[in-house]
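Breakdown of the fold
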Amino acid sequence: MALSIGVLFAVGVYLILSRSLLRIILGTSLVTHGTHLLLMTVSRLKTGAAPILNGQTEQYTDPLPQALILTSIVISFGVTSFFFVLAYRAYQTLGTDDAERLKEGQNE
Amino acid sequence: LHAAILAPFLFAAGLPLLARLLRRIHPGWVVFPVPLALFLYFLRNIPAVKDGQPVSESVSWIPSLGIHLSLYMDGLSLLFVLLISGIGSLVTFYSIFYMDRRKEDINRFYVYLLLFMGAMLGVVLTDNLMVLYGFWELTSISSFLLIAFWHRRDRSKYAAQKSLLITVIGGLAMFAGFLLFYLMTGTFSVREMLAQIGTIQGSPLLIPAMLLILLGAFTKSAQFPFHIWLPDAMEAPTPVSAYLHSATMVKAGLYVVARFSPFFAGEPIWFWIVSLTGLITLLYASFQATRQTDLKAILAYSTVSQLGLIMSLLGLGSASVIHGDVAYTKATAAAVFHLINHAIFKGSLFMAVGIVDHETGTRDIRKLGGLIAVMPITFSIALAGSFSMAGLPPFSGFLSKEMFFSAVLGLSNLEMSGGQIVLAFIPAAAWAASVFTFLYSMLLLFKTFAGPRKPGLPMANPHEPALGMLVPPVALVSLAVVFGLFPNLLSETLIEPVMASILPGLLEPNQSFLVSIGMWHGWTAEVWMTLGVILAGTALYVLYGKLNVMEKAVPERFSFSFIYDRCLHAFEKISASLTQSYMTGSIRHYLIYLFIFVAFTVGGTLFAAKGIRWFSGSYAPVTLYETVIAAVMVLAALAVPFARSRLMSIIFTGAVGYMVTLLFALFRAPDLALTQLVVETVSVALFLLCFLHLPKLEKKFVSKRRKMANLAVSAAVGALVTLVALAALAGPSFDTISHYFVKESDELAGGKNVVNVILVDFRGFDTLLEITVLGIASLGIYSLIRLRMEPGGTSRALAAEAGRKADERRAVLPRSNDVMLRTVTRSAVYIILTFSLYLFFAGHNAPGGGFIGALVAAAALVLLAIAFDIRLAEQTVPINFRKLTAAGLAVALLTGVGSFAFGQPFLSHAFGHFDLPILGETELATAVLFDLGVYMTVTGVAMTILLTIGKDDGSWKS
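Residues numbered from 1 in each chain as written. Chains lettered and ligands numbered in written order. Predicted model: local features only at pLDDT ≥ 70, side-chain atom pairs only at ≥ 80, totals over all residues. Heavy atoms only, no water.

Moving on to the overall build of chain A. Along its length, chain A carries 4 helices and 0 strands. Ordered by position from the N terminus, the helices and strands of chain A form the series α-α-α-α. Expressed as a percentage of its 108 residues, the buried residues of chain A come to 67%. Restricting the contact set of chain A to residue pairs at least 6 apart, pairs at least 24 apart contribute 46%. (Helix = DSSP H or I, 4+ residues; strand = E, 2+ residues; numbered from the N terminus. Buried < 20%, exposed > 50% of the residue type's maximum accessible area, 1.4 Å probe, protein only. Contact = heavy atoms within 4.5 Å.)

Right, dumping it as structure tokens:
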């Protein structure tokens, strides 16, 4: 599990460092996935029933990280779409989706 | 005493207001009583201090750090406060006539002046080194402000910056020295340090502390080679020069040297550094002064040289401690006496020069001459001042000069390790410096006042100034005469107590120094030296014009100011290029910095805490499903960078998302799985919508080096995160705080789905802010797409036109003609919407909730839009989603506020059980209402985003 989280992060970071805005956005979403899984991991995987009270068991998985992740998912949805539109608009206005060339455009 | 320090600050704060109230009079009159009252107050303290009863008071400030506003007034402090308040009152009085309140920003001037006065009093009165340092820097800052008072002149700005840089660098060094003292003694109080003087003198930190403190003192007192800021500081208004840059602030360095003499005086190195620095300064600056043509520049260099004189006397006086011989204390007495004399004659000279400047419009001695006829009183003042400075009887300067000579002559008996030649040289240097001093004093006096009148002055008819400008310098020169004739007025009242503060080690308890100063001791060596000075000085003066010293100026590039300028320039350049080398403006570089930094700090912490664990037995058993899913996820992720087309990379990313969803499901997180599933779907839809307009992934040429760097960074981050995850798994488990939530969820909030209850109830405030963020994001997107910020305000027209074009184009485009899809959609939409509502209501007890329900609803609408047409979808569901967002937020907020009505804190929920049709018995909590707000907001946000992007077709692309 830890390894796959590591891979997610590595690929995400690699994509973020690339020049294409699209890849950067995809990279952030991969890193987000990785973070979510990391949060799950930190809270110990699978040590009980789903946190829906049924009066029978005392062992539940930790609901707190789940609540955190839920919040994070929704926020990252908002952020990703915002990024997306930003990239899209930048492309329309500046004619490139290359982060390096965007910078040059700014310097002019 | 605290009130004494506070008074100038309070007045400074209140001055603008007071000045407005008393518009008619010069604000100087409002200020003048402050230093005067202080002066009288301090005068009253002389008897007590003389009898060895220092005044002391203390107020705690930061007791945990041992920093107290403790004030302590012994002889040394008393001398300085008398100087500060005495000269301060005279200068204020003088400035009332010097500064024109109609032309200058006079309030600002006095605010700065009072600021300085208070700070300077603080420096000399406090017993606590930290407080001393604070006030010390405050004097530097107020000096900076006063030098730059005419802040539109470039020279003023340059001078102010120079003085600030040099004194503050010295101040920092001194601060470090103070800290070393703290390390040695564990206290910041000077008196407590004196009690531990034995520990200090045995400490290896003594010499570094000494050097650092001396650096501070030398920069402040303009000692060679840090003297360069003082001549430039003459850009300040003349009262400021008279006050700060000759009488008080520059003497703060002397104060510190004197204050720390008890600790250091026993060290030969102290003797050498202080004496020789002072002597070099004296000689160099007095020679420089003879080469100046500006009256204030002469005075500036003369100030530097006189400060050097006092400094060297303080150093020579320390020989008495080394040898335990009271005879050498004569130098210390001379230092104290000359300190007073210098303040007196230099103050009067500055005021006289100020008068000349004020009345003639120039300070250049080449243009001046013959003023004796029109300004006899000013001439008399200048005469007395210069003669005192030159060391001529009967003025007090003569006496201190004599004492200086006898002090250096006394050195011949001194046995100092390894420096006999230097010691023999000192009297000669002192004599030469006195000759130069005599020379520039005479130049100053006679070039200005004697000789023929020269035409072409900026002001045609110079005459005596207003009476008010004459009173202060006259008062000062009469003091010079009084102290010259009756020096022992001072010796008992001030000099002896001051010496007791500087050299406490030489005294038995209840004993005091005996200083007796007389005008005439017979035909001693000192008298012959003085006569020699007069002869040589006069000869030089006569030859002055022929020697043409002024023309033979040393080239500019050898001066210290030149070095300073060069250094400053170089620093600016280096720092600029350094900054540019890493602030490249490329986001990739910044990200790499961030990642590397994170990798190093987190990795380093892990390593340091020995948190790296490879294995521990407590892993949960890994099932086959998990392995497979994780493997698929990893493969999909790895495939993303290699994807050739955009579509592929998006699909791979989506695959990763779905695998995460499955993992959530496996890890017993149904809410997460649901949410992730829906979000993933909606996101992919979003990607595809944008897709239409984004460029194809180009195969870009990326250099190999760059690729490797990216790879290395990402691999490092990946490895690090893996390690963190492993460490978290293997490390000791923390007690989770969730037990509380699990236990109280049902009882307190009436919900069985703990995750949902946490979101809407326990942590409702977070959620409220979260949906607010979402709303902002959606509005951002909306405005990015819809409100085209074209320059020139034609945006609306342009947008309208673009919209029409889009409509035309869309009309031509074939609609989706997938009959299957459309048929299925028609019924599916309702099913999905119902399901969404179910999720919403069930959310409190079963998996589901506002977020999920809303996203499902959004998904339904997206399906509708894809199957038919976005416009059709919009017509079918005629809701303004932006308004829906706002309404949702309002509902959520009102629910929260509503709890106020019941006297509960924000967002506390009530709940009750209701029988709802179809859904069965349910606990209807107000939390549900809050969740409704969430539901509405999220639906609104999602739809706003999707519809805005979907409807835009980029046809207006510029």
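Here we come to the overall build of chain B. Helix and strand counts for chain B stand at 39 helices and 4 strands. By the burial criterion, 53% of the 958 residues in chain B qualify as buried. Across chain B, every contact between residues at least 6 apart in sequence was considered, and the portion connecting residues at least 24 apart equals 79%. Only carbon and sulfur atoms are counted for the fraction: they give 69% of the accessible area of chain B, which is about 41800 Å². (Areas by Shrake-Rupley, 256 points an atom, 1.4 Å probe, with all protein chains shown as cover.)

A word on helix 1 (residues 2–21) of chain B. Residues and elements named next belong to chain B. Over its 20 residues, helix 1 runs 27 Å from end to end, which matches the ideal 28 Å to within 8%, given 1.5 Å per residue. The largest bend in helix 1 comes to about 50°, at Leu15, with the proline Pro16 one to four residues further on. Those residues of helix 1 that fall on the buried side of the exposure criterion are Ala4, Ile5, Pro8, Ala12, Leu15 and Ala19. Elements in contact with the buried residues of helix 1: helix 2 (27–31), helix 3 (33–44), strand 2 (67–73), helix 6 (106–125) and helix 7 (129–147). (Expected span 1.5 Å × (residues − 1). Bend = angle between axes of the 7 residues up to and from the residue.)

To continue, consider the confidence of the model for chain B. Interpreting fine coordinate detail is not advised for predicted regions of low pLDDT. Residue and element names in this part refer to chain B. Mean pLDDT over chain B stands at 74; residues scoring 70 or higher make up 74%. Counted against residues more than four places away or in other chains, residues 910–924, with its pLDDT under 50, gives 31 contacts. Contacts of residues 954–958 to residues separated by more than four positions or lying in other chains number 14 contacts, the stretch itself having pLDDT below 50. For this predicted complex, the interface confidence reaches an ipTM of 0.80, while the overall pTM sits at 0.65. (pLDDT = per-residue confidence, 0-100.)

Next up on the list: the nonpolar core. In this structure, B:Phe42 and B:Phe181 are the most contacted members of the largest nonpolar core, which totals 187 residues. The element that contributes the greatest number of residues to this core is helix 18 (residues 329–360) of chain B, accounting for 18 residues. With residues near it in sequence (within four places) discarded, B:Phe42 still touches B:Leu1, B:Ala4, B:Met73, B:Leu78, B:Val81, B:Leu82, B:Ser85, B:Leu121 and B:Leu125. Grouped together as the second largest cluster of nonpolar side chains are 77 residues, A:Ile24, A:Phe84, B:Ala636 and B:Met659 included. (Core = buried A, V, L, I, M, F, W, Y, C linked by side-chain atoms within 4.5 Å.)

The next point concerns the pattern of salt bridges. Residue and element names in this part refer to chain B. On inspection of all chains with the given rule, the structure shows 8 salt bridges over all chains. We note a salt bridge from Arg155 to Glu235, for which the minimum N-O separation is 3.3 Å. Of this pair, Arg155 sits in helix 8 (residues 154–185) while Glu235 is found in the loop between helix 12 (229–232) and helix 13 (238–247), placing the two residues 80 residues apart along the sequence. Using a relative accessible area of 18% as the deciding quantity, one classes Glu235 as buried. Connected via shared salt-bridge partners are Arg155, Lys162, Asp232 and Glu235. (Salt bridge = Lys/Arg side-chain N within 4 Å of Asp/Glu carboxyl O.)

All right, on to the environment of B:Val856 then. Residue and element names in this part refer to chain B. Mapping Val856 onto the fold places it in helix 36 (residues 850–867). Taking the C-alpha atoms as reference, Val856 lies 8.9 Å from Val682; in sequence the two are 174 residues apart. With sequence-adjacent residues up to four places away left out, Val856 is seen in contact with Val678, Ile832, Phe835, Ser836 and Leu839.

Okay, the packing of aromatic side chains next. All names here are of chain B. Overall, the coordinates contain 22 aromatic pairs over all chains when judged by the stated rule. Between Tyr41 and Phe42, the aromatic rings sit 5.3 Å apart at their centres with planes inclined by 55°, giving tilted as the arrangement. For Phe42, a relative accessible area of 0% gives the class buried. Each residue in the set Phe178, Phe181, Phe260, Phe263, Phe264 and Trp270 is aromatic and connected to the rest through ring pairs, giving one cluster. Sitting above the plane of the Trp136 ring, Lys220 keeps its charged end 5.0 Å from the centroid. (Phe/Tyr/Trp six-rings, centres within 6.5 Å; stacked < 30°, edge-to-face > 60°. Lys NZ or Arg CZ within 6 Å of the ring centre and 35° of its normal.)

Under the defined criterion, the tally for this structure stands at 8 cavities of 30 Å³ or more. Taken as a whole, the largest cavity encloses approximately 140 Å³ of empty space. Surrounding the largest cavity, 14 residues form its lining, A:Ser29, A:His33, A:Ser76, B:Glu680 and B:Ser683 being those nearest its centre. Among the secondary structure elements, those contributing two or more residues to the lining of the largest cavity are helix 2 (21–42) and helix 3 (63–94) of chain A together with helix 29 (670–691) of chain B. The dominant element in the lining of the largest cavity, judged by the number of residues it contributes, is helix 29 of chain B, at 5 residues. (1 Å grid on protein atoms, 1.4 Å probe; cavity = no way out; pocket = protein on both sides within 12 Å on 5 of 7 lines; lining within 4 Å. Points joined across faces, edges and corners; volume = space filled by probe spheres on them.)

Each regular strand shows side chains that alternate between the opposite faces of the sheet. Residue and element names in this part refer to chain B. For strand 2, the buried fraction is high: 5 of the 7 residues fall into the buried class. Sheet analysis places strand 1 (residues 55–62) next to strand 2, joined by 7 bridges and oriented antiparallel. Paired with Ser56 across the two strands is Tyr72, which belongs to strand 2. Where strand 1 hands over to strand 2, the hairpin turn is made up of 4 residues, of which Gly66 adopts a positive phi near 70°. (Pairing = 2+ DSSP bridges.)

Taken together, the side chains of B:Leu21, B:Leu22, B:Ile25 and B:Trp29 present a nonpolar region at the surface, about 390 Å² in accessible area. Tracing the chain through its elements places B:Leu22 in the loop between helix 1 and helix 2. (Patch = residues over 30% accessible without salt bridge, like charges linked within 9 Å, V, L, I, M, F, W, Y side chains within 5 Å.)

If you check the backbone angles, B:Ala222 has positive phi at about 55° while not being a glycine. For B:Ala222, a relative accessible area of 0% puts it in the buried group.

Quick look at the confidence of the model for chain A now. Of the residues in chain A, 63% have a pLDDT of 70 or more, and the chain-wide mean is 70. Ranking the elements of chain A by mean pLDDT puts helix 4 (residues 99–107) of chain A last with 55 and helix 2 of chain A first with 78.

In this section: the packing of helix 5 (residues 75–98) of chain B against helix 23 (residues 488–502) of chain B. All names here are of chain B. Across the interface, helix 5 lies against helix 23 with an axial gap of 7 Å and an inter-helix angle of 130°. Judged on the interaxial angle alone, helix 23 and helix 5 are oblique. Residue-level contacts link Gly75, Leu76, Leu78, Leu79 and Leu82 of helix 5 to Leu494, Pro497, Val498, Ser501 and Ile502 of helix 23. Grouping the amino acids of the contact of helix 5 with helix 23 by side-chain chemistry returns 8 nonpolar, 2 polar and no charged. (Axes fitted to C-alpha atoms, helices over the stretch in contact; angles between N-to-C directions. Parallel < 35°, antiparallel > 145°, perpendicular 65-115°, else oblique. Nonpolar A, V, L, I, M, F, W, Y, C, P; charged D, E, K, R; others polar.)

Looking at where B:Glu496 falls in the secondary structure, it is placed in helix 23. C-alpha of B:Glu496 to C-alpha of B:Val336: the two residues are 160 residues apart in sequence and 9.2 Å apart in space.

Residue and element names in this part refer to chain B. Put simply, helix 8 and helix 14 (residues 252–264) touch, their axes get as near as 14 Å, and they point 30° apart. Relative to helix 14, the element helix 8 is oriented roughly parallel. Two packed elements cross with a definite hand, and for helix 8 against helix 14 that hand is left-handed. Residues Met174, Phe178 and Phe181 of helix 8 touch helix 14, and the partners they reach there are Val256, Phe260, Phe263 and Phe264. Among the residues forming the contact of helix 8 with helix 14, the class breakdown is 7 nonpolar, no polar and no charged. (Left-handed = near helix turned anticlockwise from the far one by under 90°.)

The next point concerns the side chain of B:Ser400. Summarising the element assignment, B:Ser400 is placed in helix 20 (residues 396–410). Every residue in contact with B:Ser400, bar those within four places of it in the chain, is listed here: B:Ala334, B:Phe337, B:His338 and B:Asn341.

With respect to the secondary-structure elements, B:Leu494 resides in helix 23. Each C-alpha atom, one on B:Leu494 and one on B:Leu76, is 8.2 Å from the other, the two residues being 418 residues apart in sequence.

The next point concerns the side chain of B:Thr139. All names here are of chain B. Mapped onto the elements of the fold, Thr139 is located in helix 7. On the basis of relative accessible area, Thr139 is assigned to the buried category, the value being 1%. Aside from chain neighbours lying at most four places away, what touches Thr139 is Phe116, Ala119, Met120, Val123, Lys220 and Met249.

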